[in-house]
Each structure stands twice: as C-alpha cells, then as structure tokens.
Amino acid sequence: LGPREADAEHPYVYLPAETNRAVWEVVKAATDAGVIVVAAAGNGYLDTWGSYSLDGPLYQLPYWRAWGDSGAIIVGAGSPDALHEKMAFSEYGSRVDVHAWGMYVLTAGYG
C-alpha cells in the first residue's frame, strides 16, 4: 500500500518527499551520520488549497509512520508574522516539527 495518488478530482498531491521509501532511507542514513536534514511538509491538494493531517486517512500513510522517524526536521507553511501559525494550505500532524514562513519566501524553484 502506497500513498494516495493524484486523481481526476485532486490532480496534485503534495506530501513530504520522505513518504517515498528510497528517500526516507537516504534521509535516515544522513541524519544517522549527523547531517541536519530539513524538508517540506507539503501543501496538500493544490486545486482545493485544503489542509490535511498527515496522520489522517486521506493520504493513506500508515506505512510511512511505521518506518519510524527519519530524523529530518519537517517544516510546514506558517504565517509570515511572529506567530508562524499554520497556513490554511499547509499539511500538519505529529510528524511536522515546526511551521515557518510559508509566504513571500524567495526560492530557486517553482515557476
């Protein structure tokens, strides 16, 4: 059983990269070797801007949680003020360690 895949109703599904077993193993090896790994929590279903718990049934991720903690710091999207509250589109759950700026962040990717 793998993670929920994109479908006609929800064409985009954004999850932490480590929900892929190969990525999880690389991240785990890195953190075991003392490397600090920071990863995005994901931004849910882009077409709905919905926010979903990574612990809930929607994403079908119990296999991922069964692997244990990779040691990565999983970051969700937070408000760009001092509160850093979870943005409406950001994933959340027991595996998300912190929410940090999720808007107005300059990156080298996407668009």
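Placed above this text is the structure.
Each chain carries its own residue numbering, running from 1 in the written order of its sequence. Only residues with pLDDT of 70 or above have their local features reported here, since the model is predicted, and side-chain atom pairs are shown and tallied only from 80 upward, although totals for entire chains, interfaces and linings are computed over all residues. Think of the side-chain values as coming from all heavy atoms in the structure, minus any hydrogens and water.

Caption draft 1: Highlighting the nonpolar core. To define a nonpolar core, start from buried Ala, Val, Leu, Ile, Met, Phe, Trp, Tyr and Cys residues and group those joined through side-chain atoms within 4.5 Å. Exposure classes here rest on a 1.4 Å probe applied to the protein chains alone. A residue is buried below 20% of its type maximum, exposed above 50%, and partly exposed in between. Counting residues in each nonpolar core, the largest one holds 13 residues, and the members touching the most others are Leu54, Leu61 and Trp64. A run of H or I in DSSP counts as a helix once it spans at least four residues, and a run of E counts as a strand once it spans at least two, with each numbered from the N terminus. Those elements that provide at least two residues to this core are helix 1 (21-32) and helix 2 (62-66). By the convention used here, residues are in contact when the closest approach between their heavy atoms is within 4.5 Å. In contact with Trp64, other than residues within four places in its own chain, are Pro16, Glu18, Thr19, Trp24, Leu54 and Arg95.

Caption draft 2: Spatial organisation of the environment of Tyr92. Looking at the secondary structure, you find Tyr92 in the loop between strand 2 (73-78) and strand 3 (98-101). Tyr92 gets classed as partly exposed once you look at its relative accessible area, which sits at 33%. Sequence separation between Tyr92 and Tyr52 is 40 residues; the distance between their C-alpha atoms is 6.6 Å.

Caption draft 3: Molecular detail of the sheet that holds strand 3. Taken in spatial order, the three strands line up as 1-2-3 in an open sheet, and their pairing is parallel. Both outer strands of the open sheet, strand 1 (38-40) and strand 3, are each paired with one neighbouring strand and no more. Between one strand axis and the next, the sheet turns by 50° as a mean value, whatever way the strands run. As defined by bridge partners, strand 1 adjoins strand 2 across three bridges and the pair is classed as parallel. Its bridge partner being in strand 2, Val38 is matched across the sheet by Ile73. We treat two strands as partners when DSSP finds at least two bridges between them. An axis is simply a line fitted to the C-alpha atoms; with a helix, the fit covers only the stretch in contact. Between two such axes, the angle follows the N-to-C directions and lies from 0 to 180 degrees.

Caption draft 4: Representation of helix 1. The span one expects for a helix is its residue count, reduced by one, times 1.5 Å. Along its 12 residues, helix 1 runs 16 Å from first to last C-alpha, staying within 8% of the 16 Å computed at 1.5 Å per residue. Within helix 1, burial applies to Trp24, Val27 and Thr31. Summarising the axial view, the buried residues of helix 1 lie within an arc of 70°, below the 170-degree limit, and thus occupy one face. Exposed and oriented more than 90 degrees from the buried face of helix 1 are Val26 and Asp32. Contacts from the buried residues of helix 1 go to helix 2. Pairs of N or O atoms within 3.5 Å make up the polar contacts considered here, provided that, within protein, one atom can donate a hydrogen while the other can accept it, and that residues adjacent in sequence are counted only when both atoms are side-chain atoms. The opening residue of helix 1 is Asn20, an N-cap whose side-chain oxygen sits 2.9 Å from the backbone nitrogen of Ala22. With its phi angle positive at about 95°, Gly34 sits one or two positions after the end of helix 1. This arc is taken over the directions from the axis of the helix to the C-beta atoms.

All we've got here are geometric facts, nothing functional implied.
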